[in-house]
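Architecture and fold: a report
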Amino acid sequence: MNTLERAWYQNGPKWKPLWLWFLLPLTVIFATVAFIRRVVFRRGWIKTKQLPVPVIVVGNITVGGTGKTPFTIYLVKLLKSLGFTPGIVSRGYGAKESEAYPFPRYVNEIDDVELTGDEPKLLAMRTQVPVFIDSNRVRAVKSLVEKAGVNIVISDDGLQHYKMDRALEIALVDGDRKFGNGLLLPMGPLREPISRLQTVDFTIINSGFTDGVKSRYNSLVPDYSLRANTLHSFTGDSISIDDELRNVHLVSGIGNPLRFEKTAKKAGLNVVSTLWYPDHHKFVESDFATLQTLDKNTDIVVMTEKDAVKCSSYAQENWYILPIEAVISDSLESLLKERITLLKKQS
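Scoring rules and cut-offs
- Residues numbered from 1 in each chain as written.
- Predicted model: local features only at pLDDT ≥ 70, side-chain atom pairs only at ≥ 80, totals over all residues.
- Heavy atoms only, no water.
- UniProt positions renumbered as here; feature names shortened; annotations may be inferred.
- Helix = DSSP H or I, 4+ residues; strand = E, 2+ residues; numbered from the N terminus.
- Contact = heavy atoms within 4.5 Å.
- Core = buried A, V, L, I, M, F, W, Y, C linked by side-chain atoms within 4.5 Å.
- Buried < 20%, exposed > 50% of the residue type's maximum accessible area, 1.4 Å probe, protein only.
- Pairing = 2+ DSSP bridges.
- Axes fitted to C-alpha atoms, helices over the stretch in contact; angles between N-to-C directions.

With that out of the way, let us pick up the UniProt feature "binding site: ATP" (unreviewed entry) in the protein chain. Residues given the UniProt feature "binding site: ATP" (unreviewed entry) here are Thr62, Val63, Gly64, Gly65, Thr66, Gly67, Lys68 and Thr69. Structurally, Gly67 can be placed in the loop between strand 1 (55–59) and helix 3 (68–81). For Gly67, the contacting residues outside a window of four places in its chain are Leu172, Asn206, Tyr224 and Arg259. You can see Lys68 is positioned in helix 3. Contacts of Lys68, omitting those with residues within four sequence positions, involve Val58, Gly59, Asn60, Asp156, Asp157 and Leu172.

Structure representation (C-alpha cells):
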C-alpha cells in the first residue's frame, strides 16, 4: 500500500494527514466531471448504447480490489446453471496495442499476458467462456455477441462506463476497508459518491456473512466471503493446506493485498513475510531476488492466480498459487437467481 492509499484508509478524521488537502483542487475537478457525466446520461442528453443482449455489470465505487474477479467467476457458473450462454468483457488493463491483435481482442488463455492483461486471462482460464477486451466496452459487447454467440454478458468493472447499457448492476464493497475516508479521488478512494449505491440493483459486502446492506431490488442482501482450500503448484498439482506446514512468503501485485494475506492466514497458512507490489504490476524475475535464497525444504512462495499468470515462465519448484473462491450465501444466491431469471423473460 503506497503513501496515498495509507492516507485514504487510516483511522481518524478525514482531514488527516493535512497534506491531503493540497489535492483538493484536483478532487473538485474530478467531482465536477463525474457529476456532469452522471447528469448527462441520466437525463438522456447522451443516449446509452442499446445492446443486443443483457449486460450485468460487476463493479465498485472505490479504487482497489473488492473481490470482483472471484465473484465474476461465480456468476459465470450461476448463469450457466440457469441456462444462459455467458461471455465476459473487460477493459483489459495492461494489454499492449498490437496491429496483429486489434481491439476488441479475444482473450486466448494461451496468449501472452501482455496481449490479454492479467485479470482477463485469469477469467478466461477459470471460466472457459469467451472473454473480449477493449476500453470501449460497447464495442466489446457487440463483438462478443457477434463472434461468440453469447446471450448474456458480464462486464468486469464498468460501473462508471455509462455509454454501455446495462440490465443489472452489482456493486461490491470491501468489508474491511469500506470507503476509507469517504472522499472522492484523489483525496480519497471513491470513484463516485457513496450515494451511487442507492441506484444499483445489488450492493454486496465482501467480508463474510454479517448483517447485509440495503439494495434497490430487495431490502436486505447478505454478504459473501472468500475462501481458499488448496495450494496449486505451477505444474498443476494440488496440495492440501492442512498438509503444508512450511514457512509461507506471500507475493502479490493486486489492489488489496491485505485481504489476500487475511484469506491466506484464515486458510491456515503460516505467513512469515509479505512482498507487495502495485496493482497489475508487471513482474520480472528480479522482483523475487530476495526470495531466491530460501530453503526449498522449509519455505515456499505463494501468490494469487492473477499474479501467477505473469510469472509462469520462471516459477521455481517451491512457488505455489492460492486459488480464491467466492462463497455465496443461499439467500443471496436465491435473490440473484430471481433477478437474473427476469432478464431471460425480458429478452
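Turning next to the UniProt feature "transmembrane region" (unreviewed entry) in the protein chain. Per the UniProt record, "transmembrane region" (unreviewed entry) is annotated on residues 18–40. Helix makes up 74% of residues 18–40 and strand 0%, and the two end C-alpha atoms of the span are 34 Å apart.

The next thing to look at is the nonpolar core. Among the nonpolar cores identified, the biggest contains 50 residues, and Phe71, Leu75, Ile170, Val302 and Leu322 are the most heavily contacted of them. Those residues within four positions of Phe71 in sequence are excluded, and the remaining contacts are Val58, Ile170, Leu172, Ile204, Tyr224, Ala326, Ile328 and Leu336. Core analysis: the second largest hydrophobic core is formed by 24 residues, Val53, Ile61, Val173 and Phe179 among them.

Here we come to helix 5 (residues 118–127). For helix 5, a buried count of eight out of 10 residues is recorded, marking the element as mostly surrounded by other parts of the structure. Contact partners of the buried residues in helix 5: helix 3, strand 2 (86–90), helix 4 (113–116), strand 4 (131–133), strand 5 (152–156) and helix 8 (305–308). Following helix 5 by one or two positions, Gln128 adopts a phi angle in the positive range, close to 60 degrees.

This part takes up the sheet that holds strand 14 (residues 319–321). Spatial strand order, 10-9-14-13-11-12: six strands in an open sheet with mixed pairing. The open sheet has two free edges, formed respectively by strand 10 (238–240) and strand 12 (270–276), since each of these has just one partner strand. Geometrically, the sheet is characterised by an average inter-axis angle of 35 degrees between neighbouring strands, direction not taken into account. Where strand 9 (residues 230–233) lies against strand 10, three bridges are found, and the strand directions are antiparallel. Looking at strand 10, one finds that His232 is bridged to Ser238. Strands in contact with helix 7 (residues 257–266) are strand 11 (247–252), strand 12 and strand 13 (299–303); relative to strand 12, the strand with the most contacts, it is inclined by about 165 degrees.

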